[in-house]
Amino acid sequence: EKNGFDHFMLKEIHEQPEAIKDTYRGRLRINDGIIKMAGIEDNLERILNANRIIIVACGTSWHAGLVAEYIFEDLVRIPVEVEYASEFRYRNPIITSKDVVIAISQSGETADTLAAIKLAKQNGAFVFGVCNVVGSTIARESHAGAYTHAGPEIGVASTKAFTTQITVLTLIALKLAQSKGAISKTEFHNYLAEMEAIPTKVEESLKIDGHIQEIASVFKDVPNFLYLGRGYNFPVALEGALKLKEISYIHAEGYPAAEMKHGPIALIDEQMPVVVIATKKGHYEKVVSNIQEIKSRKGKIIGIVTEGDTEVKSMADYVIEVPETIEGLTPLLTTIPLQLLSYHIAVMRGCNVDQPRNLAKSVTVE
Ligand code: F6R
């Protein structure tokens with residue numbers, strides 16, 4: 001059932017090209033120049049007239065929500081707030097009938113996320129669910145929704161659920177942007193074409209597994225890791241750190257690269273590996289100067305760069321290349337090597353990758 005892979009997590013990492021295709025199949029219609037999503041079409045006015053979109057989720061799904069915040073605000077120009085479901089529900093939040101709440105949940109059973117949407121509904125908000133498990137409670141409790149269609153995710157650490165959540169949220173943003181007239185025909189088409197090419201590019205990113213294993217073997221015994229990214233790749237840094245923590249038990253933190261100098265830079269010495277997402281486009285020069293700051297304090301740099309990069313390569317201790325795409329879609333590619341890096345480090349440390357200690361696949365307690 002692991003299909004020849006040693007662990008479900010590795011199998012699920014490798015399933016991503018197909019899973020992303022399954023997510024956009026039937027929805028992304030390049031030839032017609034449209035995106036087909038009944039859950040959005042049937043509620044178009046309600047969603048486009050929203051004062052704001054509130055995204056509620058936990059864990060990895062919350063990270064997907066953060067990526068969506070960048071995409072939605074960029075493309076749709078509706079204000080977005082991303083909330084931890086557990087914080088949102090307990091702080092007497094201001095919710096009105098002009099709000100649209102998007103709940104993101106792989107399992108569709110997370111107790112806090114479920115409670116958050118119930119609260120939102122009581123206050124008149126429109127609730128849109130993005131779930132993976134068909135017929136799950138959150139899917140049923142939502143007014144409308146879109147499934148990720150990633151297939152069953154068995155590994156406790158979420159992988160293909162994350163990339164397919166980003167995929168479906170990007171499709172939603174594009175559809176709304178087109179309906180609102182907020183995106184040019186050329187940009188829309190460009191996005192569709194690039195989205196269609198993502199599975200092939202994910203496949204390419206999976207091929208450099210051997211190189212990532214080498215890097216994993218260098219750093220497998222360190223006590224701490226830092227992950228940095230900016231813009232669309234800031235949430236990817238958070239997700240990279242979460243993945244490492246949960247399966248290898250190495251302490252890791254994700255930060256927006258520019259926040260480093262406001263505190264975390266104090267941690268940097270020759271023992272500290274720093275994973276920096278430094279793809280072309282998307283604040284590249286700024287990230288390069290963040291890398292210089294780390295270098296001058298002797299931190300070890302693992303750069304996630306665009307294929308053919310030379311500038312970061314000349315500074316970093318290690319680089320991992322990902323294919324080029326438009327900025328808004330880079331999280332779908334930069335996530336892949338970070339999943340593999342955590343996986344290999346965890347395996348080398350003898351950890352139970354598929355069932356990390358203290359964790360359950362779906363958190364149905366509050
Ligand atoms: C991380 C992980 C958890 C879940 C979180 C939300 O790898 O698996 O952080 O992302 O518990 O779960 P869902 O998406 O099922 O609501």
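Residues numbered from 1 in each chain as written. Predicted model: local features only at pLDDT ≥ 70, side-chain atom pairs only at ≥ 80, totals over all residues. Heavy atoms only, no water.

**Notes on the sheet that holds strand S11 (residues 300-306)**
Alright, step 1. Reading across from one edge, S9-S8-S10-S11-S12 is the order of the five strands in this open sheet, with parallel pairing throughout. Where the open sheet ends on each side, the last strands, each with one partner, are strand S9 (251-256) and strand S12 (318-322). Neighbour to neighbour, the strand axes of the sheet diverge by 20° on average, direction disregarded.
Alright, step 2. Sitting on the sheet, helix H12 (residues 234-248) is in contact with strand S8 (224-229), S9 and strand S10 (273-278), with an inclination near 175° to S9. (Pairing = 2+ DSSP bridges. Helix = DSSP H or I, 4+ residues; strand = E, 2+ residues; numbered from the N terminus. Axes fitted to C-alpha atoms, helices over the stretch in contact; angles between N-to-C directions. Contact = heavy atoms within 4.5 Å.)

**Considering the nonpolar core**
Alright, step 1. Formed by 91 residues in total, the largest nonpolar core has its most connected members in Phe72, Ile102, Phe225 and Tyr227.
Alright, step 2. Ranked by residues supplied to this core, first place goes to helix H9 (residues 160-180) with ten residues.
Alright, step 3. Dropping the residues within four chain positions of it, Ile102 is found in contact with Ile53, Ile54, Ile55, Val56, Phe72, Phe128, Val130 and Leu169. (Core = buried A, V, L, I, M, F, W, Y, C linked by side-chain atoms within 4.5 Å. Buried < 20%, exposed > 50% of the residue type's maximum accessible area, 1.4 Å probe, protein only.)

**Regarding the pattern of salt bridges**
Alright, step 1. Inspection of the entire model under this criterion finds 21 salt bridges.
Alright, step 2. With its nearest N and O atoms 3.1 Å apart, the salt bridge here joins Lys175 to Glu41. Taken as a pair, Lys175 in helix H9 and Glu41 in helix H3 (residues 38-41) lie far apart in primary sequence, 134 residues in all.
Alright, step 3. By relative accessible area, Lys175 is classed as buried at 9%.
Alright, step 4. Here the salt bridges do not stand alone but share partners, grouping Lys11, Glu15 and Lys160 into one network. (Salt bridge = Lys/Arg side-chain N within 4 Å of Asp/Glu carboxyl O.)

**Topic: the site of the ligand**
Alright, step 1. Near the ligand, the surroundings consist of 14 residues, among which Ser61, Ser105, Gln106, Thr110 and Glu246 are the closest.
Alright, step 2. At 2.6 Å, a side-chain N or O of Ser61 approaches an oxygen atom of the ligand.
Alright, step 3. A distance of 2.6 Å separates an oxygen atom of the ligand from a polar atom in the side chain of Ser105.
Alright, step 4. The fraction of the free accessible surface of the ligand (410 Å²) that becomes covered by protein chains is 90%.
Alright, step 5. Among the cavities detected, the one that contains the ligand is the largest pocket.
Alright, step 6. If you list the elements that add at least two residues to the shell around the ligand, you get helix H5 (59-75) and H12. (Near = heavy atom within 4 Å. Polar contact = N/O pair within 3.5 Å; in protein donor to acceptor, adjacent residues only side chain to side chain. Areas by Shrake-Rupley, 256 points an atom, 1.4 Å probe, with all protein chains shown as cover. 1 Å grid on protein atoms, 1.4 Å probe; cavity = no way out; pocket = protein on both sides within 12 Å on 5 of 7 lines; lining within 4 Å. Sits in = over half its atoms within 2 Å of the grid points.)

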